[in-house]
Amino acid sequence: LGLPVEKVQVFGALVGGAFGGKEDSSIAVLTALAAWCTQSTVQITNTRAEIEFINAAFSEITGYSAAEIIGKTPKLFKSAITPDETYAEMWRTLLAGHTWRGELTNRRKNGQHSIVRQTISPIRQDDGTITHFVSIGEDVTEIRRIAAELDLHRAQLEERVTERTAQLAQAEARLQLILDSTA
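So, here's what we can say about the structure. Source: prediction; values computed, not measured.

Enumeration according to the criterion identifies three aromatic pairs in this entry. Their ring planes at 70° and their centres at 5.4 Å tell us that Phe-58 and Phe-77 sit as a pair that is edge-to-face. Placement of the pair is Phe-58 in helix α3 (residues 56–62) and Phe-77 in the loop between α4 (66–69) and α5 (84–95), with a sequence separation of 19 residues. Residue classification places Phe-77 among the buried positions, given a relative accessible area of 4%. Here the aromatic rings of Trp-91 and Phe-133 are separated by 5.6 Å at their centres, their planes lie at 90°, and the arrangement is edge-to-face. With Trp-91 in helix α5 and Phe-133 in strand β5 (residues 130–139), the pair connects residues that are 42 residues apart, well separated along the chain. When its relative accessible area of 30% is taken as the criterion, Trp-91 is described as partly exposed. An aromatic cluster is present here, built from Phe-58, Tyr-64 and Phe-77 joined pairwise through their rings.

A word on the pattern of salt bridges. Oppositely charged side chains may form a pair once their charged atoms are brought near each other. Here the structure, examined in full by the defined rule, presents eleven salt bridges. The partner of Lys-109 in a salt bridge is Glu-68, with the nearest N and O atoms 2.4 Å apart. Here Lys-109 is found in the loop between β3 (100–107) and β4 (113–124), whereas its partner Glu-68 is found in helix α4, with 41 residues between them in sequence. Look at Lys-109 and you get partly exposed, because its relative accessible area is 43%. Among the salt bridges present, the one from Arg-108 reaches Asp-139, with a minimum N-O distance of 2.8 Å. One end of the pair, Arg-108, is in the loop between β3 and β4; the other, Asp-139, is in strand β5, and 31 residues separate them in sequence. Since its relative accessible area comes to 17%, Arg-108 is described here as buried. Note on Asp-139: relative accessible area 27%, which makes it partly exposed.

Side-chain polar atoms of Arg-108 contact the side chain of Asp-139, separated by 2.8 Å. If near-sequence neighbours (up to four positions away) are discounted, Arg-108 is found in contact with Ile-61, Thr-62, Tyr-64, His-113, Ser-114, Asp-139 and Thr-141.

Ordered in space as β2-β1-β5-β4-β3, the five strands form an open sheet in which the pairing is antiparallel. A single partner strand is all that each edge strand has here, and the edge strands are β2 (51–54) and β3. Adjacent strand axes in the sheet meet at a mean angle of 30° when their direction is disregarded. Across six bridges, the pairing between strand β1 (residues 41–46) and β5 is antiparallel. Bridge pairing in β5 places Ile-44 opposite Val-134. The strands touched by α5 are β3, β4 and β5; relative to β3, the strand with the most contacts, the crossing angle is about 140°.

Rules of the game
- Residues numbered from 1 in each chain as written.
- Predicted model: local features only at pLDDT ≥ 70, side-chain atom pairs only at ≥ 80, totals over all residues.
- Heavy atoms only, no water.
- Phe/Tyr/Trp six-rings, centres within 6.5 Å; stacked < 30°, edge-to-face > 60°.
- Helix = DSSP H or I, 4+ residues; strand = E, 2+ residues; numbered from the N terminus.
- Buried < 20%, exposed > 50% of the residue type's maximum accessible area, 1.4 Å probe, protein only.
- Salt bridge = Lys/Arg side-chain N within 4 Å of Asp/Glu carboxyl O.
- Polar contact = N/O pair within 3.5 Å; in protein donor to acceptor, adjacent residues only side chain to side chain.
- Contact = heavy atoms within 4.5 Å.
- Pairing = 2+ DSSP bridges.
- Axes fitted to C-alpha atoms, helices over the stretch in contact; angles between N-to-C directions.

Dropping the structure here:
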């Protein structure tokens with residue numbers, strides 16, 4: 001399946017921790033396989049926001065390999081496009097123990113921007129202590145580009161309809177003048 005053994009071990013340890021240390025290796029392996037194989041990005045950070053796990057889709061979209069990113073923080077992807085208030089609201093939500101959903105414009109390794117729709121949730125121990133955060137993301141850059149293009153075409157079409165309506169009204173007025181003058 002293309003899943004490196006070390007990824008199963010890291011993710012298995014995280015999954016085992018999520019079950020209060022009662023690690024069921026078959027669940028850990030199955031969960032690791034699911035996270036690795038999904039087309040959505042998966043990123044797990046500790047409470048200091050240090051990345052501990054990424055899946056293949058994450059590497060594909062960001063351009064960063066696990067070796068380059070493990071131990072770093074997601075600030076590496078921060079662009080000037082997403083407002084600081086978005087990040088502040090995200091952290092307020094997460095630290096309050098709630099799931100945050102939203103879109104962030106991130107910077108890829110090659111410098112290009114990508115728009116990612118993310119859901120980030122706290123992972124808790126049995127006693128409620130937050131130990132990690134899991135982020136599931138979808139690159140919506142192309143969807144946003146197409147939507148902007150459609151908006152532009154819609155605006156141009158509306159402008160043409162307005163212009164044509166005005167031309168038809170002027171032509172009707174001229175016709176009426178001609179008809180009135182010949183009557």
